[in-house]
Amino acid sequence: MADKTLKVTQIGSPIRRTKDQRATLIGLGLNKMHRTRELPDTPEVRGMIAKVQHMVRVEDA
């Protein structure tokens, strides 16, 4: 499952969000608007994405 990747793009601002949501975005490498990262499709990354799902767009890479 780790050989697959996900393309994650930040579409929401971290302004006025909780500290843990901001930290999750930074952990994903997405601390600025419209930044995109390709991340491995692991349960850990999926959990982080679920926590900030309202601020990111996820596509299969």
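It should be noted that the structure appears before, not after, this text.
Structural notes, computed from the coordinates. (Residues numbered from 1 in each chain as written. Predicted model: local features only at pLDDT ≥ 70, side-chain atom pairs only at ≥ 80, totals over all residues. Heavy atoms only, no water.)

### What to know about the sheet that holds strand E3 (residues 56-60)
As a general point, the strands of a sheet are linked pairwise by backbone hydrogen bonds and lie either parallel or antiparallel. Taken in spatial order, the 3 strands make up an open sheet running E2-E1-E3, and their pairing is antiparallel. Among the strands making up the open sheet, the edge pair consists of strand E2 (36-40) and E3. Within this sheet the neighbouring strands show an average axis-to-axis angle of 30°, counted without direction. Pairing analysis gives 5 bridges linking strand E1 (residues 5-10) to E2, with the strands arranged antiparallel. Note on E2: the bridge partner recorded for Leu6 is Leu39. Of the strands in this sheet, E1, E2 and E3 are in contact with helix H2 (residues 43-51), which crosses E1 at around 25°. (Pairing = 2+ DSSP bridges. Helix = DSSP H or I, 4+ residues; strand = E, 2+ residues; numbered from the N terminus. Axes fitted to C-alpha atoms, helices over the stretch in contact; angles between N-to-C directions. Contact = heavy atoms within 4.5 Å.)

### Regarding the side chain of Thr24
Structurally, Thr24 can be placed in helix H1 (residues 19-28). Beyond its immediate chain neighbours, meaning those up to four positions away, Thr24 contacts Met48, Lys51 and Val52.

### A look at the nonpolar core
In terms of nonpolar packing, the biggest core is built from 11 residues, these being Leu6, Val8, Leu25, Leu28, Leu30, Leu39, Val45, Ile49, Val52, Met55 and Val56. For this core, the secondary structure elements donating two or more residues are E1, H1 and H2. Once residues lying within four places of it in the same chain are set aside, the contact partners of Val8 are Leu30, Arg35, Thr36, Arg37, Leu39, Ile49, Val56 and Arg57. (Core = buried A, V, L, I, M, F, W, Y, C linked by side-chain atoms within 4.5 Å. Buried < 20%, exposed > 50% of the residue type's maximum accessible area, 1.4 Å probe, protein only.)

### Thoughts on the pairing of E1
Summarising the sheet, E1 and E3 pair through 5 bridges and their orientation is antiparallel. Bridge pairing in E3 links Gln10 to Val56.

### Quick notes on the environment of Arg35
One can find Arg35 in the loop between H1 and E2. When the C-alpha positions of Arg35 and Asp3 are compared, they lie 22 Å apart, and in sequence the two are 32 residues distant. Other than its neighbours up to four places away in sequence, Arg35 contacts Val8, Thr9, Gln10, Gly29 and Leu30.

### Observations regarding the packing of H1 against H2
In the contact formed by H1 and H2, the axes pass within 9 Å of each other and the chain directions differ by 140°. Taken together, the axes of H1 and H2 lie oblique to each other. The way H1 lies across H2 gives a crossing that is left-handed. Of H2, the residues touching H1 (which contributes Asp20, Gln21, Thr24, Gly27 and Leu28) are Val45, Met48, Ile49 and Lys51. Here the contact of H1 with H2 is composed, by residue class, of 4 nonpolar, 3 polar and 2 charged. (Parallel < 35°, antiparallel > 145°, perpendicular 65-115°, else oblique. Left-handed = near helix turned anticlockwise from the far one by under 90°. Nonpolar A, V, L, I, M, F, W, Y, C, P; charged D, E, K, R; others polar.)

Geometric descriptors of this kind do not, in isolation, establish any biological role.
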